Amino acid sequence: MPGPGMELIGEEEKREVLEVLESGYLFRYGSEDDPRFKGKVWALEQEVAKLSRVRYAVAVNSGTSALLVALGGLGIGPGDEVIVPGYTFVASMSSVVYSRAIPVLAEIDETLNLDPSDVEERVSPRTKAIMAVHMLGNPARLDELKAIAERHGLLLIEDCAQAFGASYHGRPIGSIGKAGTFSFNIYKTITAGDGGMVITDDEEAYERFFALHDQGHKPLRKGVEVGHRPFIGLDFRMTELSAAVLLAQLRKLPRILAELRQTKARLKAAIADVPGVTFRHITDPEGEIATILTVFLPSEEVARRVAAELGTKVVADSGWHVYSNMEHILNQRTVTPERCPFTCPYYTSKGGAIRYEKGMLPRTDALLARAINISIGVVDPGLGSAFGVHIGASPQEVDVVAERFRRVAERYVRAGA
Ligand SMILES: Cc1ncc(COP(=O)(O)O)c(C=O)c1O
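Here the structure is a predicted model, which means the values were calculated and not measured.

Definitions and limits used
- Residues numbered from 1 in each chain as written.
- Predicted model: local features only at pLDDT ≥ 70, side-chain atom pairs only at ≥ 80, totals over all residues.
- Helix = DSSP H or I, 4+ residues; strand = E, 2+ residues; numbered from the N terminus.
- Rg over C-alpha atoms; globule rule 2.2 N^0.38 Å.
- Buried ≥ 20, exposed ≤ 12 C-beta atoms within 10 Å, placed from the backbone.
- Contact = placed C-beta atoms within 7 Å.
- Near = placed C-beta within 6 Å.
- Nonpolar A, V, L, I, M, F, W, Y, C, P; charged D, E, K, R; others polar.
- Pairing = 2+ DSSP bridges.
- Domains from an automatic or database assignment.
- Axes fitted to C-alpha atoms, helices over the stretch in contact; angles between N-to-C directions.
- Parallel < 35°, antiparallel > 145°, perpendicular 65-115°, else oblique.
- Left-handed = near helix turned anticlockwise from the far one by under 90°.
- Core = buried A, V, L, I, M, F, W, Y, C linked by C-beta atoms within 7 Å.
- Expected span 1.5 Å × (residues − 1).
- Arc of directions from axis to C-beta.

Some remarks on the overall build of the chain
Move 1: From N to C terminus, the chain includes 15 helices and twelve strands.
Move 2: Expected size for 417 residues packed as a compact globule is a radius of gyration near 22 Å; at 22 Å, the chain falls within 12% of this value.
Move 3: With the C-alpha coordinates of the chain rotated into their principal frame, the extents come out at 75 × 55 × 40 Å.
Move 4: Put simply, the chain has 417 residues, and 53% of those count as buried.
Move 5: In the chain, the share of contacts with a sequence separation of at least 24, taken over all contacts with a separation of at least 6, comes to 69%.

Have a look at this one:
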């Protein structure tokens, strides 16, 4: 099973969904006078906002939609640059392109998230935002990134798709930037198959997010609207069915986090003394959600051999999440041949010109070539986490995986490859 939430789908989800089906209200809006209408989407928004300690949340149909809503809602568009990490899911870049802005790729460091010093070097007069992506369940260096954003008057957006439930020094992720986005696809902490959420503490941003996700309407479509819609929106609405599943999943979050953290601690301790093996830097060990344990081997060659023997891949080869494997981004392959926004006069007339190529982020490439993702609770070939355990693994199963890793790593480290 891909993610921890999916593994735990059971009676609670069935009951929630049945309640929606029996009510006949599948749409997020319904008659408030009718007790059968349960308002599951609204309830989910309230719960996620509360958990995230912000005032507002808008449920959408995917993490990609959440990013689009956040970017457009914050006014990011033609001529703007958004700094994104070279190690992320493609949606962090494609959402920028579809907002008609330009993704500027930056290096990661041993957190496997944005390297703040590299981010600062890439700030230009066209930069409008920094997108901090909390990869593999771990918050980025938010203090430093926020300071850079403030120094340069930029927006900080948190792509929390892979880290629902995480916090950063006591603050829920997504609440530190101007907006935070989540995904509920099958590889995420909790899931409804697909789904997403955008959160903010800013009322104006909330109204814009709501309008963009629902054809320009005011939140909950209240008030006189014809003639008053602020801009043209789209439809990224979540259905009551998805929200029902997610409400049941949300109640399982404490259990998911407790179990993943325990398993990760056990596995990490069991291989901590393997010579030559080091771990990804975790910005807040208390706040991570422990879905993946990333190890670094001493060299690319050793890492590749260890990965192959364990039936997995080094992170650099893991496909979808590494910029150098995103041929459509590298070639700026847009849906129509004009290659807008890359060729857009709003951009070029401001001096903008961007090229992407393999090897353009050498520190990212070098780190990911030595890295192996061991699953604790997310088995995703696209992340290279085919080796490891899953939620529900017994301590003995964890020990078996640790022992296997130890034997293979020790052999190749000793041999030098
Ligand atoms: C970092 C990151 N951002 C955005 C997304 C997009 O989410 P979705 O698949 O729900 O559109 C994902 C999904 O894998 C992701 O991992």
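There's plenty left to go through after this.
Some details on the site of the ligand
Move 1: Inspection of the region around the ligand gives 15 residues, with Gly63, Thr64, Phe89, Ala161 and Ser183 positioned closest.
Move 2: Secondary-structure elements contributing two or more residues to the shell around the ligand are helix 4 (63–73) and helix 5 (91–98).
Move 3: Per-class residue counts for the shell around the ligand are four nonpolar, nine polar and two charged.

Description of the sheet that holds strand 12 (residues 371–375)
Move 1: Taken together, three strands build an open sheet; the order of strands is 10-11-12 and the sheet is antiparallel. The sheet terminates laterally at strand 10 (278–279) and strand 12, the two strands that pair on one side only.
Move 2: Looking at chain direction, strand 11 (residues 292–296) and strand 12 are connected through five bridges and run antiparallel. Residue Val295 lies in a different strand from strand 12, and its bridge partner there is Ile372.

With respect to the domain arrangement of the chain
Move 1: When cut into domains, the chain gives domain 1 (4–252) and domain 2 (254–314 + 370–415).
Move 2: Look at where the C-alpha atoms of domain 1 and domain 2 centre, and you get two points 29 Å apart.
Move 3: On the domain 2 side, the residues contacting the 21 residues of domain 1 number 24 residues.
Move 4: Contributions of two or more residues to the side of domain 1 that touches domain 2 are made by helix 1 (4–7) and strand 6 (167–168).
Move 5: For the side of domain 1 that touches domain 2, the element with the highest residue contribution is helix 1, accounting for three residues.
Move 6: The residue inventory of the side of domain 1 that touches domain 2, partitioned by class, reads nine nonpolar, eight polar and four charged.

Quick notes on the packing of helix 4 against helix 5
Move 1: Running from amino to carboxyl end, helix 4 crosses helix 5 at an angle of 45°, the nearest separation of the two axes being 9 Å. Between helix 4 and helix 5, the interaxial angle falls into the category oblique. Remark: the crossing between helix 4 and helix 5 carries right-handed chirality. Packed against helix 4, whose contacting residues are Gly63, Thr64, Leu67, Leu68 and Leu71, the element helix 5 presents Ala91, Ser92, Ser95, Val96 and Tyr98 at the interface.
Move 2: Its residues assigned to classes, the contact of helix 4 with helix 5 shows six nonpolar, four polar and no charged.

A closer look at the sheet that holds strand 8 (residues 179–183)
Move 1: Judged by pairing direction, the sheet is mixed, and its seven strands sit side by side in the order 1-9-8-5-4-2-3 without closing on themselves. Strands with a single pairing partner mark the edges of an open sheet, and in this sheet they are strand 1 (56–60) and strand 3 (102–106). Strand-to-strand twist across the sheet, computed as the mean angle between neighbouring axes with direction ignored, equals 20°.
Move 2: Strand direction decides the pairing type here: strand 2 (residues 81–85) and strand 4 (residues 127–133), joined by three bridges, are parallel. When the bridges of strand 4 are listed, Val82 appears paired with Ala129.
Move 3: Of the strands in this sheet, strand 1, strand 8 and strand 9 (196–200) are in contact with helix 3 (residues 40–52), which crosses strand 1 at around 130°.

Quick look at the pairing of strand 1
Move 1: Counted residue by residue, strand 1 has five buried out of five residues, so it is predominantly covered.
Move 2: Because side chains alternate across strand 1, one face comprises the buried residues Tyr56, Val58 and Val60, and the other comprises Ala57 and Ala59, equally buried.
Move 3: Relative to strand 9, strand 1 is paired through five bridges, and the arrangement is antiparallel. Residue pairing in the sheet places Ala57 in a bridge with Ile199 of strand 9.

Quick word on the packing of helix 4 against helix 8 (residues 203–213)
Move 1: The N-to-C vectors of helix 4 and helix 8 enclose an angle of 125°; their axes lie 9 Å apart at closest approach. Between helix 4 and helix 8, the crossing angle belongs to the class labelled oblique. Two packed elements cross with a definite hand, and for helix 4 against helix 8 that hand is right-handed. Side by side, helix 4 and helix 8 meet where Val69, Ala70, Gly72 and Gly73 of the first sit next to Ala205, Arg208, Phe209, Leu212 and His213 of the second.
Move 2: For the contact of helix 4 with helix 8, the class distribution of residues is five nonpolar, three polar and one charged.

Observations regarding the environment of Asp118
Move 1: Considering the arrangement of structural elements, one finds Asp118 in helix 6 (residues 116–121).
Move 2: It is 14 Å that separates the C-alpha atoms of Asp118 and Lys146, two residues lying 28 residues apart in sequence.
Move 3: Look past the residues within four positions of Asp118 in its chain and what remains in contact with it is Ala106 and Glu107.

Quick notes on the nonpolar core
Move 1: Membership of the largest hydrophobic core comes to 130 residues, with the highest contact counts inside it found for Val69, Ala70, Ile130, Leu145, Met197, Val198 and Ile372.
Move 2: No fewer than three residues from each of domain 1 (4–252) and domain 2 (254–314 + 370–415) sit in this core.
Move 3: Apart from residues no more than four positions distant in its own chain, Ile372 is found in contact with Val295, Leu297, Ala303, Val306, Ala307, Thr312, Val314 and Val315.

A closer look at the environment of Ile199
Move 1: Here Ile199 lies in strand 9.
Move 2: Considered as a pair, Ile199 and Gly174 are 25 residues apart in the sequence and their alpha carbons are 6.8 Å apart.
Move 3: In contact with Ile199, other than residues within four places in its own chain, are Val48, Ala49, Ser52, Val54, Tyr56, Ala57, Gly174, Ala179 and Gly180.

Let's talk about helix 15 (residues 395–415)
Move 1: An ideal rise of 1.5 Å per residue puts 30 Å on 21 residues; helix 15 measures up with 30 Å between its terminal C-alpha atoms.
Move 2: For helix 15, the complete set of buried residues consists of Val398, Val401, Ala402, Phe405, Ala409 and Tyr412. Projected down its long axis, helix 15 shows its buried positions confined to an angular sector of 110°, all on one face. For helix 15, the exposed residues lying more than 90 degrees away from the buried face are Gln396, Glu403, Arg407, Arg414 and Ala415.
Move 3: Within two residues after helix 15, Gly416 carries a phi angle of roughly 80°, on the positive side.

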